[in-house]
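Residue-level structure breakdown
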Amino acid sequence: MEETAIIIVAAGRGTRAGGVPKQWRMLGGQTVLARTVAAFQGFGRIIVVVSPDDMARAVEEFQGRVTLIAGGESRADSVRNALESVDGEQISQVLIHDGARPFVSRALVGRVLAALSDAPAAAPALPLTDALWTGSDGRVGGIRNRDGLFRAQTPQGFRFGAIRDAHRAHPGGAADDVEVALSADLDVAIVEGEEDNIKITWPDDFARAERMLGGKMDIRTGNGFDVHAFTEGDHVILCGIRVPHGRGLLGHSDADVGMHALTDAIYGALAEGDIGRHFPPSDAQWKGAASHIFLTHAADLARSRGYRVTNADVTLICERPKIGPHAIDMAKELSRIMDVDPDRISVKATTSEQLGFTGREEGIAALATVTLVKS
Ligand code: MG
């Protein structure tokens, strides 16, 4: 089996995209570099080269999940540092990738790796389609033939020993690792690149990247509904808050009708059934259980699938007790349990104008709607 190392070069301090170095800027809730690293998960051992100035930030970001190497003066120095850190006995091939290309697809990585079985080097590229001009002072000077010209991308893949030796021998100043490979007379296979595999460089690239993420965004909505009957008692628990009342609510657990509706809304958005599927009422251990156990489970399940709760809206339906004085505390408690900003959670109430079972004060009903987003 081939052992692969992936070197992600992210040592640049370039701020052409404005402000913070581009690989450390946020893109859809994650840094560009974290997205790039995630694209290579499962392909091999990941080595990230960062500026010594960014080392503390990188340690915090990756928590030991990648090997971090300090970069050098130039890009080639950074790559060389990473190559020299690799044990050539264990690694037979290496992919070298720009930290600012977060949209590389698994299919593209697979094409580069496949090409390496027939060639000592392989790299993705796209043929030029636009006409090619020379020009100066705002005037076109002439036309260049674009036949046989390509736009180079990364990851560029190499037999490990071949590229390490080529870097050792190279005098420096190469635009990329393919140039280093060519200087050592390595054969470089061209594999098909991808238009989406952009290198984020300019402010406009961030706008395009956000649009691309938007196109990939997975948005889900779920709803939940629950009813509990009144019984003897002196309080009810609603959305995690104890509210004094002349009656209690009957239920297998703590009968928190609002939290149950919200929990079911999250399960619904995930197409994961309802509370009863995850916490069977036939199981005695859930008798009298605090409902935050259910809500925490649903929120964790959403997170484990890559979703975040972007908002939730709960409506309690009852004549009494009065919900208004407690609504803000209820929203805060739900936000705390789900680890979501309080301004994204709403709890409100309505009566049913003394109609139906809620109007006759036989019980309380609750509705909830939730939105989950994965990007
Ligand atoms: Mg219930």
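For the structure itself, consult the block above.
Below you will find a few notes about this structure.

**Section: the overall build of the protein chain**
Tallying secondary structure elements over the protein chain gives 12 helices and 19 strands in all. Relative to the globule expectation of 21 Å for 375 residues, the C-alpha radius of gyration of the protein chain, 29 Å, shows a markedly less compact shape. Here the C-alpha coordinates of the protein chain stretch approximately 85 × 55 × 35 Å along the principal axes. Buried residues in the protein chain amount to 47% of all 375 residues. For the protein chain, restricting intrachain contacts to residue pairs at least 6 apart in sequence, the fraction spanning at least 24 positions comes to 70%. Surface exposure of the protein chain reaches about 18,400 Å², of which carbon and sulfur atoms provide 50%. Of the charged side chains in the protein chain, 40 are positive and 50 negative; the average position of the first set lies 3 Å away from that of the second.

**Considerations on the environment of Arg305**
Looking at the secondary structure, you find Arg305 in the loop between helix H10 (292–304) and strand S17 (308–317). Once the C-alpha coordinates of Arg305 and Leu270 are considered, the two residues, 35 residues apart in sequence, prove to be 8.7 Å apart. Look past the residues within four positions of Arg305 in its chain and what remains in contact with it is Leu270, Glu272 and Lys374.

**What about the pattern of salt bridges?**
The final tally for this structure, using the stated rule, is 18 salt bridges. Where Arg57 meets Asp54, a salt bridge forms, and the shortest distance between an N and an O atom there is 3.1 Å. Owing to a relative accessible area of 36%, Arg57 belongs among the partly exposed residues under this scheme. Between Asp165 and Arg164 there is a salt bridge whose closest N-O contact spans 3.4 Å. By relative accessible area, which is 40% here, Asp165 ends up partly exposed. The structure contains a network of salt bridges with shared partners spanning Arg75, Asp98, Arg101 and Asp177.

**Here we look at the packing of aromatic side chains**
Scanning the model with the defined rule gives two aromatic pairs in all. When the centroid spacing of 4.7 Å and the interplanar angle of 85° are considered together, the rings of Phe279 and Trp286 count as edge-to-face. You can call Phe279 buried: its relative accessible area is 8%. A relative accessible area of 16% places Trp286 in the buried class. Seen from their ring centres, Phe279 and Phe294 are 4.7 Å apart, and the 45° between their planes marks the pair as tilted. Taken together, the positions of Phe279 in the loop between helix H9 (275–278) and H10 and Phe294 in helix H10 put the pair 15 residues apart, joining distant regions of the chain. Here Phe294 falls in the buried class, since its relative accessible area comes to 4%. One cation-aromatic arrangement involves Arg25 over Phe206; the distance from NZ or CZ to the ring centre is 3.9 Å.

Reading the values: rules and limits
Residues numbered from 1 in each chain as written. Predicted model: local features only at pLDDT ≥ 70, side-chain atom pairs only at ≥ 80, totals over all residues. Heavy atoms only, no water. Helix = DSSP H or I, 4+ residues; strand = E, 2+ residues; numbered from the N terminus. Rg over C-alpha atoms; globule rule 2.2 N^0.38 Å. Buried < 20%, exposed > 50% of the residue type's maximum accessible area, 1.4 Å probe, protein only. Contact = heavy atoms within 4.5 Å. Areas by Shrake-Rupley, 256 points an atom, 1.4 Å probe, with all protein chains shown as cover. Lys, Arg positive; Asp, Glu negative; His and termini not counted. Charge placed at Lys NZ, Arg CZ, Asp CG, Glu CD. Salt bridge = Lys/Arg side-chain N within 4 Å of Asp/Glu carboxyl O. Phe/Tyr/Trp six-rings, centres within 6.5 Å; stacked < 30°, edge-to-face > 60°. Lys NZ or Arg CZ within 6 Å of the ring centre and 35° of its normal.

Keep in mind these values describe shape, not function.
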